Amino acid sequence: DALFDRVVAMAAAAKTKAVRDDLLADLGAFPAAYASRVVDVLLDKQFAAVQVWPALAAMLERGETATAAWHAIHDRLGKLLGALPGARVRDVIAATSSLCDVTVRAEILADFSSRAAAISNGKRTLDHALAAIDRCITHRPTAGDIANALAATPPPASGALTQRP
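From a predicted model like this one, the values you see are computed outputs, not experimental measurements.

1. Section: the overall build of the protein
Here comes step 1: Each helix and strand in the protein was counted, giving 10 helices and 0 strands.
Here comes step 2: Listing each helix as α and each strand as β along the protein from the N terminus yields α-α-α-α-α-α-α-α-α-α.
Here comes step 3: Counting only residues that meet the buried cut, the protein has 35% of its 165 residues in that class.
Here comes step 4: Partitioning the intrachain contacts of the protein with sequence separation of at least 6 by distance along the chain shows that 69% fall at a separation of at least 24.
Here comes step 5: Put simply, the protein shows about 9,400 Å² of open surface, and 58% of that area lies on carbon and sulfur atoms.

2. Focus: the pattern of salt bridges
Here comes step 1: All told, the structure shown has 8 salt bridges when counted by the stated rule.
Here comes step 2: Across the pair D21 and K17 runs a salt bridge whose closest N-O atoms are separated by 2.6 Å. Placement of the pair is D21 and K17 together in helix α2 (residues 17-26), with a separation of 4 residues, close to one helical turn.
Here comes step 3: The class of D21 is partly exposed, set by a relative accessible area of 21%.
Here comes step 4: When the shortest N-O distance is used, the salt bridge between K123 and D127 registers 3.1 Å.

3. Some remarks on the state of the cysteines
Here comes step 1: In the structure shown here, the tally under the stated rule is 1 disulfide.
Here comes step 2: Sulfur-sulfur distance for the disulfide between C100 and C136 comes to 1.9 Å. Across the disulfide from C100 to C136, rotation about the S-S bond amounts to roughly -100°, and the bridge is consequently left-handed. On the criterion of sequence distance, the pair formed by C100 in the loop between α7 (86-95) and α8 (102-116) and C136 in helix α9 (residues 122-143) is long-range, its members being 36 residues apart.
Here comes step 3: Judged by relative accessible area, which is 13%, C100 ranks as buried.
Here comes step 4: Given a relative accessible area of 29%, C136 falls into the partly exposed group.

4. Regarding the packing of aromatic side chains
Here comes step 1: One pass over the structure, following the stated rule, counts 4 aromatic pairs.
Here comes step 2: Aromatic side chains W70 and F112 sit 6.4 Å apart centroid to centroid with 50° between the ring planes, which places their arrangement in the tilted category. Linking W70 in helix α5 (residues 63-75) with F112 in helix α8, this pair joins segments that are 42 residues apart in sequence. An identical accessibility class is assigned to W70 and F112; each is buried.
Here comes step 3: Of the aromatic side chains, those joined through ring pairs into one cluster are F4, F30 and Y34.

5. Remarks on the packing of α2 against helix α4 (residues 49-61)
Here comes step 1: For the pair α2 and α4, the least separation of the axes is 8 Å and the interaxial angle reads 35°. Between α2 and α4 lies a crossing whose hand is right-handed. Here α2 contributes K17, R20, D21, L24 and A25 to the contact with α4, which in turn contributes Q51, V52 and A55.
Here comes step 2: Taken together, the residues of the contact of α2 with α4 break down into 4 nonpolar, 1 polar and 3 charged.

Cut-offs used in this document
Residues numbered from 1 in each chain as written. Predicted model: local features only at pLDDT ≥ 70, side-chain atom pairs only at ≥ 80, totals over all residues. Heavy atoms only, no water. Helix = DSSP H or I, 4+ residues; strand = E, 2+ residues; numbered from the N terminus. Buried < 20%, exposed > 50% of the residue type's maximum accessible area, 1.4 Å probe, protein only. Contact = heavy atoms within 4.5 Å. Areas by Shrake-Rupley, 256 points an atom, 1.4 Å probe, with all protein chains shown as cover. Salt bridge = Lys/Arg side-chain N within 4 Å of Asp/Glu carboxyl O. Disulfide = S-S within 2.5 Å. Phe/Tyr/Trp six-rings, centres within 6.5 Å; stacked < 30°, edge-to-face > 60°. Axes fitted to C-alpha atoms, helices over the stretch in contact; angles between N-to-C directions. Left-handed = near helix turned anticlockwise from the far one by under 90°. Nonpolar A, V, L, I, M, F, W, Y, C, P; charged D, E, K, R; others polar.

Shown next as structure tokens:
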């Protein structure tokens, strides 16, 4: 918590937009438990929402933070979309394409179906995001759990990671 607060304070005190943007983007590197706090910062009038959005987009892209980021966004979607300019709303829809959960897909469909028509290329962006989620959901069972597969694979007898000819 102290590190997160320090990064936000440093962003607030930054002398240049570039430094502020970099610090706010760094919030996207925090663990899943901080997703709601990143939304808090986006909704706080201290910063322009477009400056904080890249942090949430980064969290949506990382497997270990994606679901938490989506839930934090979904819980306050109306406020979040209201804080962003219209062109960025399309970016929010596009960023959901990295998610991979049936329940989340249904939430995205419900949340954006009625909004998509009012957004330039919104319907196409939503269709693309849903198709990407569908592909992930379809392929997840065949891909299996990579972490468990790697843990179950014993190293070569020589101890080397690769076999040399």
